[in-house]
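Residue strings, one per chain:
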Amino acid sequence: MKVFQTDLQQVKNTLRGGVLLVLSGLYLSEISGVFFLFATQKFHFSSRKITGTTYAVSLFIICSLRYLSLYYYQKWIKEKGVYRINFSINIISIFFFLATFLFAALWNGKVIFPPLFVKEYIHFFKKFGIFWGGISSFLQTVYYILEGFLIVYILDSFQTAGETLILSRLPWGVFALVLFWGSIHFLKGTSTGIYGLILASLLGLFYLADKRNGLTVLISWLISLTV
C-alpha cells in the first residue's frame, strides 16, 4: 500500500522528534551529569567519594536537561499534529499497576519494606546530611518522574512513526524502548540489564493495550521503583 506524502512527513516529524528526545533527554542529560562529577572532584566508583553538593548539582543538571528536552519535544509534536497520548486512569490501568508490582516483587523474590525509594532517601540523609540529603532526595524523585515521561514519549513517537510508515500495528514503540532505554541497563550488570529489557517490554505493551495511555505507563514505572 502506498504511503501518502502527508504520512511521510508525519513519519519524519515523529522520528526526528523521537531520536532527538532519546539523544538529548535520555543520553546527553545523563552523560552531562556524570561528566560534572568527574570534572569537579576526585570521584572513583570504587570508593564512592562524593559530596552532597556535587551529587545534588549533578542531579539538577540531569533533571534540567531532561525537562527542557521533554518541554520542547511536547511543543514540537503538538505543533506537528502528531500528539497521540492520553492521560487517564481506568480499570485496565489498575490491573497493569498490580501486574507491575507483582512482576517487580517476583523478580526480587520478596516485597521489600521499607520500599526501595525510601531506603534510597534514608541513604541520602545519612550520607549527605539533612540539607543536601533532602535536596538530593527531592531531585531523585524529579529524576524518576521525568524518566517516566521520557519512556512515554519514546513509546509514542516510534509507535506513531512505525504505524504510519509500515501501516501495521506491530509494537514499534516497544522495540524502540527496549533498544534505547532497556538495553542501557546492562551497564549496571547483566541481571539489571535483563530486568530493564523485560520492564521496557511490559511498559510498552501496557501503553498499547491501554490505547496510548501515558499515565498508565508513568505510574507503572514509578510502582516498579517501590519494590
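Quick caveat: nothing in here was measured; it's all calculated off a predicted structure.

Thresholds, definitions, all that
- Residues numbered from 1 in each chain as written.
- Predicted model: local features only at pLDDT ≥ 70, side-chain atom pairs only at ≥ 80, totals over all residues.
- Heavy atoms only, no water.
- 1 Å grid on protein atoms, 1.4 Å probe; cavity = no way out; pocket = protein on both sides within 12 Å on 5 of 7 lines; lining within 4 Å.
- Points joined across faces, edges and corners; volume = space filled by probe spheres on them.
- Helix = DSSP H or I, 4+ residues; strand = E, 2+ residues; numbered from the N terminus.
- Nonpolar A, V, L, I, M, F, W, Y, C, P; charged D, E, K, R; others polar.
- pLDDT = per-residue confidence, 0-100.
- Contact = heavy atoms within 4.5 Å.
- Expected span 1.5 Å × (residues − 1).
- Buried < 20%, exposed > 50% of the residue type's maximum accessible area, 1.4 Å probe, protein only.

## Some details on the layout of surface pockets
Move 1: Of the voids in this model, the largest pocket is the one considered here, and its volume is about 1600 Å³.
Move 2: Sorting the residues of the lining of the largest pocket by element identifies helix 1 (5–40), helix 2 (52–79), helix 3 (91–108), helix 4 (116–166), helix 6 (190–209) and helix 7 (214–224) as the ones contributing at least two each.
Move 3: The biggest single contributor to the lining of the largest pocket is helix 4, with 11 residues.
Move 4: For the lining of the largest pocket, a count of residues per class yields 26 nonpolar, 9 polar and 7 charged.

## A look at the confidence of the model for the chain
Move 1: A residue-level look at the chain finds 93% of positions with pLDDT of 70 or above and a mean pLDDT of 88.
Move 2: Here residues 1–5 is modelled with pLDDT under 50, and outside its nearest four sequence neighbours on either side it reaches 5 contacts, counting other chains as well.

## As for helix 2
Move 1: Its 28 residues give helix 2 an end-to-end C-alpha distance of 40 Å, which sits within 8% of 40 Å, the value for a rise of 1.5 Å per residue.
Move 2: Within the span of helix 2, buried status applies to Gly52, Thr54, Ala56, Ser58, Leu59, Ile62, Cys63, Arg66, Ser69, Leu70, Tyr73 and Ile77.
Move 3: Note on helix 2: the residue one or two positions beyond its end, Gly81, has a positive phi of about 75°.

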